[in-house]
Amino acid sequence: MAPILTLWLAVCLSGALAVERANFKTCDQSAFCKRQRALNPGESPYRALLETMELTNSRLTLQLKNDKNKVRLLLELYRLQGNITRVKINELKPLKPRYEVPDVLIREPPTEPLSLLSQDENGVVLSLGAESQRVIVSALPFRLDIMEGRDVLLSLNSRGLLMLLLSPLTLQAMLDEKDEEGMWDETFKSFTDTKPNGPTAVGLDFSLPGVEHVYGIPEHADSLRLKTTDNGDPYRLYNLDVFQYELDNPMALYGSVPVMLAHNAQRTTGMFWLNAAETWVDISSNTAGKTVFGKMLDYVQGSSETPQTDVRWFSESGIIDVFIMLGPTPKDVFSQYASLTGTQAFPPLAALAYHQCRWNYNDQEDVQSVDAGFDEHDIPYDFIWLDIEHTDGKRYFTWDTNKFPTPKEMLQGLMDKKRKMVTIVDPHIKVDSSYKIHNEIKSQGFYTKNKDGGDYEGWCWPGSAGYPDFTREDMRAWWASMFAYDQYEGTMENLYTWNDMNEPSIFNGPEITMHKDSKHGEWEHRDLHNLYGFYVQKATAEGLIQRSGGVERPFVLARAFFAGSQRYGAVWTGDNAAEWSHLKISIPMCLSMGLVGIAFCGADVGGFFKSPSSELLVRWYQTGAYQPFFRAHAHMDTTRREPWLFGPENTALIREVVRQRYSLLPYWYQQFYHTYHTGHPVMRPLWVEYPQDPATYTLEDEFLIGRDLLVHPVTEEGATGVTAYLPGKEEVWFDIHTFQKHNGGQNLYIPVTMSSIPVFQRGGSIIPRKLRVRRSSSCMEHDPYTLYVALSHQRAAEGELYIDDGHTFNFEKREFIHRRLSFANNNLSSVNLAPAAHFSTLSTIERIVMVGATRPTKATLKTADGQMSQLEFDFDASMSVLTLRKPGMNAGTDWTVMLQ
């Protein structure tokens, strides 16, 4: 094995656990970032040439002129449906086209009419239609303001930092332009990046008056609320395999979504910077560093300074293409972004259950032993995972026949228990003339090319590896075909896929990734780097769909991602560590992803690196059970950590929280059905539901699942209590374990023990659960429901119940049940929300638990056929809990329970 791979493995398997910062660039080491940051605000050379303006029904175009070098740019402005404004800036007459990101938008966004309100020599004013919204384009210097009434919502180029570097090829055709350092090549460590097109970076600034809180632009191991970057590097968006990443840091990680949300009590807005090249984001604020006392002093002294956040985006290549989402509510912004890039794929129900993973389960006997261990210890699970060691010498789409001689037999054994498996399929292909996958990719010319036109090769787990060009549609179609049952031998319908290392990770590449001057057809890798992982997951998901003839929903986990990746599966936070700080950071990391459309997020329970203490492991299970993707995973160099290996007491604690996850699967599934339709996050910050409450704006140690469950995990070692903020002064919250009632609008101290998981149900909600927890979610398909009705101060509540087959696309044919559950005027009823849908279920309602109730004298059930029957009930006066037993009506029918 080559020395570079041997060294990498030695590092991975050693106890030295810290990021090697020298492997990754800072802004000062990135020529275009350094150049962009050197621009001085207020010195914009660009003017808008109003005489070039053309206004059609759907767009405005005009030219921008750089008064220093006389270069002209083309500005396009569109008003899009749904309160979105799109701004594009490109070269007016490029000698070589610039890269424009394909495949991320689900369609060409539909436009709405623009109308001219006024024009003079200083600028133009256009109407955006809704609520006196308008765009003001100022000529000298060029500036664009979006206003509503008298309020400026957002300004573009207000600091004059617009930059669109023309290729020296273009400039030299126009001017006698002198070369600058780094214009034609750039060296980092031992790597030289040739730039045949020279520097082509783009950048633009935005100002957000009245805003102090901005969020998004994952992936970073940092706080939920983004920090100012004045005294350090900008946030970096460049998909990288960062070994042992640091926390509280703007360094790039595995994925990139160039979407930022800005929020205050009056409005939420969003920016989507559609560019797949390396990108940096600077954030500054006029209130940064001010203490609460300082802000109070400003108020007392009558300071008139309005809070403002300034944001600056700059990318190495491509064009400026930005979508400004004008809200005004958080959920409006989510829907606006979803209208552009799509919503989270609706996963199979089983994918929302518990996953057991390790690098690596050794062989079939090991898999069977772990599977039996879950049954022996009465812990449910749905998926067991195999990492890279299951393959024949890291040749993906194969099995090690010594360790896994009969994979179908192994899969059938899992299927008999209604369980499933995931195997890893990475996008680096072993260069080996005896390997069918390599030979086919090579013969069809599907590999990414190096700068000289040969097949690009790098080092990864197999040794020398090629990297398929997933930007090619024909390559993706071929890759998808490899998941067919007659191609991927030994597979069955209960086998799903994990795409790791898809940044792409290249051990001997610059910054552990692909050389930027590699070629994807006519484009350089620098133009589209952040799209590579998106395309890998897309092709894999399409392969899983095709193998079933388009019937079955896929499940694909990927480490690298981009805007739109939500359409193809789940992501996780990568190679974390068994440390309390990594447990804590998993919450803001997944919250940030949910804000930008990626709802199906989780972190490796227990930490990938190192071995957790039993306390940390239990607390991580308790946290992970309330995050969307729930998987335990561990490095091969750690001690085994199946849930029963830490003593009977800890086994019982883990068993209990896993069972809690399974009992709440109906609610989780319902939330994913909603996010599939709306783009609203499943795991969401409190400010999404309470946007006018400043106390929620920086909270990142608690979160909501949907609207109705509030979770405050215990993430401090040795904790004997936590303080949870219960939002909503008019709300009431009920502890789901004790049914104790608490008023909203307060900080509540909660004593905790090792069994404690502070979770609260919002008064006014109805949540369905299944309390007969079995060995897997599929075993619970026909089991009955228990409805938990938490009454508000007004003694009312509402909720929903969604049921389908749990695994096919038949829900798109309206084969589902969707019921509205409501309690008002002492009547609890179920009515059909989808009369045109058709589906039947064997599940019944076996119990109704009403919290915050009063004792009735009788309870009467009226079914759809008009039949009336009296229900048995118990009432706990000390906790105001009414339990209606064995009502027995079918979950898919109309019914009413009348209390008297």
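Conventions we followed
Residues numbered from 1 in each chain as written. Predicted model: local features only at pLDDT ≥ 70, side-chain atom pairs only at ≥ 80, totals over all residues. Heavy atoms only, no water. UniProt positions renumbered as here; feature names shortened; annotations may be inferred. Helix = DSSP H or I, 4+ residues; strand = E, 2+ residues; numbered from the N terminus. Rg over C-alpha atoms; globule rule 2.2 N^0.38 Å. Buried < 20%, exposed > 50% of the residue type's maximum accessible area, 1.4 Å probe, protein only. Salt bridge = Lys/Arg side-chain N within 4 Å of Asp/Glu carboxyl O. Domains from an automatic or database assignment. Contact = heavy atoms within 4.5 Å. Buried area = accessible area lost by both parts, 1.4 Å probe. Polar contact = N/O pair within 3.5 Å; in protein donor to acceptor, adjacent residues only side chain to side chain. Core = buried A, V, L, I, M, F, W, Y, C linked by side-chain atoms within 4.5 Å. Pairing = 2+ DSSP bridges. Axes fitted to C-alpha atoms, helices over the stretch in contact; angles between N-to-C directions. Expected span 1.5 Å × (residues − 1).

An unreviewed UniProt entry lists the protein chain under the name Glucosidase II alpha subunit, with Hippocampus comes given as the organism. The annotation that UniProt attaches to the protein chain under Sequence similarities (unreviewed entry) is "Belongs to the glycosyl hydrolase 31 family."

1. Some words on the overall build of the protein chain
Within the protein chain, the secondary structure is distributed over 16 helices and 53 strands. For the protein chain, whose C-alpha radius of gyration is 28 Å, the value lies close to the compact-globule estimate of 29 Å for 900 residues. Dimensions of the protein chain, computed from the C-alpha atoms along their principal axes, are close to 90 × 70 × 55 Å. Looking at the protein chain as a whole, 62% of its 900 residues qualify as buried.

2. Describing the pattern of salt bridges
One pass over the structure, following the stated rule, counts 54 salt bridges. Between Glu316 and Arg526 there is a salt bridge, with the nearest N and O atoms lying 2.9 Å from each other. Of this pair, Glu316 sits in the loop between strand E19 (308-315) and strand E20 (320-325) while Arg526 sits in helix H10 (residues 525-528), and the two are 210 residues apart along the sequence. In this structure, Glu316 and Arg526 share a single accessibility class: buried. As a salt-bridge pair, Arg640 and Asp366 come within 3.0 Å of each other at their nearest N and O atoms. Residue Arg640 is located in the loop between strand E34 (630-632) and helix H14 (648-663), and its partner Asp366 is located in helix H6 (residues 364-376); the two are separated by 274 residues in the primary sequence. Salt bridges here are not isolated pairs; linked through shared partners, they connect Asp193, Arg236, Glu278, Glu316, Glu511, Lys516, Glu524 and Arg526.

3. Comments concerning the domain arrangement of the protein chain
Domain boundaries in the protein chain define domain 1 (23-115 + 154-339), domain 2 (349-684) and domain 3 (784-899). Facing 62 residues of domain 1, the contacting portion of domain 2 comprises 59 residues. With both chains or domains summed, domain 1 and domain 2 bury close to 5,000 Å², and 58% of this area falls on carbon and sulfur atoms. Considering only the side of domain 1, the residues that lose the most area to domain 2 are Tyr99, Asp241 and Tyr254, jointly responsible for 13% of the buried surface there. Applying the counting rule to domain 1 against domain 2 returns 26 residue pairs in polar contact (both at pLDDT 80 or more). Taken together, the elements giving at least two residues each to the side of domain 1 that touches domain 2 come down to strand E12 (191-194), strand E14 (213-216), strand E15 (235-237), strand E16 (259-263) and helix H5 (330-341).

4. A word on the nonpolar core
Formed by 174 residues in total, the largest nonpolar core has its most connected members in Phe272, Met421, Trp479, Leu531, Phe555, Tyr621 and Tyr626. The leading source of residues in this core is helix H12 (residues 580-595), at nine residues. Those residues within four positions of Trp479 in sequence are excluded, and the remaining contacts are Phe397, Val425, Asp426, Pro427, Ile429, Pro468, Phe470, Val536, Ala539 and Thr540. Formed by 51 residues, the second largest nonpolar core is a distinct cluster that contains Leu75, Leu114, Trp313 and Leu326.

5. What to know about the sheet that holds strand E52 (residues 881-885)
With mixed pairing, the eleven strands of this open sheet are ordered in space as E50-E49-E53-E47-E46-E45-E43-E44-E48-E52-E51. The sheet is open, and its two borders are formed by strand E50 (868-870) and strand E51 (872-876), each paired with just one other strand. Each strand of the sheet is rotated relative to its neighbour by a mean of 20°, with strand direction disregarded. Two strands pair when backbone bridges link them, and strand E48 (residues 845-851) and E52 are joined in this way by five bridges, in the antiparallel orientation. Across the sheet, Arg847 pairs through a bridge with Arg885, a residue of E52.

6. Considering helix H13 (residues 614-624)
For H13, the tally of buried residues reaches ten of eleven residues, placing the bulk of the element in the interior. If you check which residues of H13 are buried, you get Glu615, Leu616, Leu617, Val618, Arg619, Trp620, Tyr621, Gln622, Thr623 and Gly624. The inward-facing, buried residues of H13 contact strand E21 (354-356), H12, strand E33 (604-605), E34 and H14.

7. Points about the pairing of E14
When a strand is regular, its side chains alternate between the sheet's two faces. Of the two faces of E14, the one carrying His213 and Tyr215 and the one carrying Val214 and Gly216 are both buried. In terms of strand pairing, E14 meets E16 through four bridges, oriented antiparallel. Bridge pairing links His213 to His263 in E16.

8. Some details on the pairing of E20
Extensive coverage of E20 is indicated by the burial of six of its six residues. Every second residue of E20 is oriented toward a common face, with Ile320, Val322 and Ile324 on one face and Asp321, Phe323 and Met325 on the other, all of them buried. Bridge analysis of strand E4 (residues 84-91) against E20 gives six bridges, and the strand direction is antiparallel. Along E20, the bridge assignment pairs Thr85 with Ile324. The pairing of strand E17 (residues 268-273) with E20 spans four bridges and is classified as antiparallel. Across the sheet, residue Met271 finds its bridge partner in E20, namely Ile324.

9. A look at the environment of Pro141
Relative to the helices and strands, Pro141 is located in the loop between strand E7 (133-138) and strand E8 (143-148). Spatially, the C-alpha atoms of Pro141 and Arg159 are 9.9 Å apart, while their sequence positions differ by 18 residues. Filtering out sequence-adjacent residues up to four positions away, Pro141 remains in contact with Ser44 and Tyr46.

10. With respect to H14
The end-to-end C-alpha distance of H14, which contains 16 residues, comes to 22 Å, matching closely the 22 Å that a straight helix rising 1.5 Å per residue would cover. Regarding H14, the residues found buried are Asn650, Thr651, Leu653, Ile654, Val657, Val658, Gln660, Arg661, Tyr662 and Ser663.

11. Some remarks on the UniProt feature "domain: Glycoside hydrolase family 31 TIM barrel" (unreviewed entry) in the protein chain
Sequence positions flagged by UniProt for "domain: Glycoside hydrolase family 31 TIM barrel" (unreviewed entry) are, in local numbering, residues 345-670. Helix and strand shares over residues 345-670 are 33% and 13% respectively, and the end C-alpha atoms of the span are 13 Å apart.

12. Regarding the environment of Ala891
With respect to the helices and strands, the residue Ala891 is situated in the loop between E52 and strand E53 (895-899). Taking relative accessible area as the criterion, Ala891 reaches 1% and is therefore assigned buried. On a C-alpha basis, the gap between Ala891 and Trp461 in space is 50 Å, while along the polypeptide they are 430 residues apart. Not counting the four nearest positions on each side in its chain, Ala891 is found in contact with Tyr785, Leu801, Ile803, Arg819, Thr841, Ser843, Thr844 and Ile845.

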